[in-house]
Amino acid sequence: MRTQYVLLSFLFFLSVGVNAAQKNVAPLFSYEIGIHLNDFNDDGYFDFKSTESADYDSFGLGYDLSVNYHLGNHFNDKPIFSPIFLSVGWSNFDEYESSISSACNDQNCEKLTSIKHDALMFNVHYAVLQNSIADIDIYVGVSKVFAKGKINGDGWDNNATGAQLGANFMFMQDRAIKPFLGFRLHSFEIEQGSNSARTIDISLLMGIRF
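A brief look at the structure comes next. (Residues numbered from 1 in each chain as written. Predicted model: local features only at pLDDT ≥ 70, side-chain atom pairs only at ≥ 80, totals over all residues. Heavy atoms only, no water.)

Some words on the overall build of the chain
- When helices and strands are tallied, the chain shows one helix and nine strands.
- In the chain, the order of α-helices and β-strands from amino to carboxyl end is α-β-β-β-β-β-β-β-β-β.
- Sorting the 210 residues of the chain into buried and exposed places 41% on the buried side.
- For the chain, the share of sequence-separated contacts (at least 6 apart) that also reach a separation of at least 24 residues comes to 63%.
- With an accessible surface of roughly 11,700 Å², the chain has 60% of that area assigned to carbon and sulfur atoms. (Helix = DSSP H or I, 4+ residues; strand = E, 2+ residues; numbered from the N terminus. Buried < 20%, exposed > 50% of the residue type's maximum accessible area, 1.4 Å probe, protein only. Contact = heavy atoms within 4.5 Å. Areas by Shrake-Rupley, 256 points an atom, 1.4 Å probe, with all protein chains shown as cover.)

Structure below.
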């Protein structure tokens, strides 16, 4: 967790320096900080939302940090390319747990199945609408997922490749700090021996771009 706070501080002070040096010039870099509420779904492997009697937790809260590189600044003479920018970001997700009810009582409940994951995301954005009221960009990308957890009480640790699709709605375009809302689908597959679990996160994001 300390690493993420150091990264956040670094991005903040770097942004102050870049913005100060680029007064009255469209910035080549911008930064985003936000939180996300997400619904974690799987194909039944983790017993989340199972039809069997079980306690489950598939809703979570996490945070996002990202750096955006406005590639379109190099194509001012080609309007079709100018709305393009690239981003790299870190997404931290909550821990999701499921336990069979027969293993629980009022005093003690052993969590039998769980997953905790973070993702390093690489995206290509395209601004489909830009005006004084709102800026809407859609994006698609790939991610490196770092996952760990328990299956039937046995710990596991596995990395995976994921993919994401999303959209951001940016407001107050004339301000240095712009609030935004976003929607994202993020999917990846975990392999454990001969078994595999396909998952998808449905996330609602809220944050600022500066």
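Further notes follow.
Comments concerning the nonpolar core
- Listed in full, the 12 residues of the largest apolar core are Phe40, Phe93, Tyr96, Ile115, Ala119, Met121, Val145, Ala147, Trp156, Ala160, Phe188 and Ile190.
- Broken down by secondary-structure element, the contributors of at least two residues to this core are strand 4 (84-100), strand 5 (113-130), strand 6 (134-151), strand 7 (154-171) and strand 8 (178-192).
- Here this core takes three residues from strand 5, the largest share from any one element. (Core = buried A, V, L, I, M, F, W, Y, C linked by side-chain atoms within 4.5 Å.)

Considerations on the pattern of salt bridges
- Throughout the structure, instances matching the rule amount to five salt bridges.
- A salt bridge links Arg209 to Glu32; its shortest N-O distance comes to 2.6 Å. You can see Arg209 sitting in strand 9 (residues 195-209) and its partner Glu32 sitting in strand 1 (residues 29-42), a full 177 residues away along the chain.
- Since its relative accessible area comes to 10%, Glu32 is described here as buried.
- Linking Asp64 and Arg184 is a salt bridge whose minimum nitrogen-to-oxygen distance equals 2.9 Å. Taken together, the residues span a long stretch of sequence, with Asp64 in strand 3 (residues 59-69) and Arg184 in strand 8 at a distance of 120 residues. (Salt bridge = Lys/Arg side-chain N within 4 Å of Asp/Glu carboxyl O.)

Regarding the environment of Val142
- Within the secondary structure, Val142 sits in strand 6.
- The partly exposed category is assigned to Val142, whose relative accessible area is 48%.
- Along the chain, Val142 and Gln164 lie 22 residues apart, while their C-alpha atoms are 6.2 Å from each other.
- For Val142, the residues in contact, after removing those within four places along its chain, are Leu120, Met121, Phe122, Gly162, Ala163 and Gln164.

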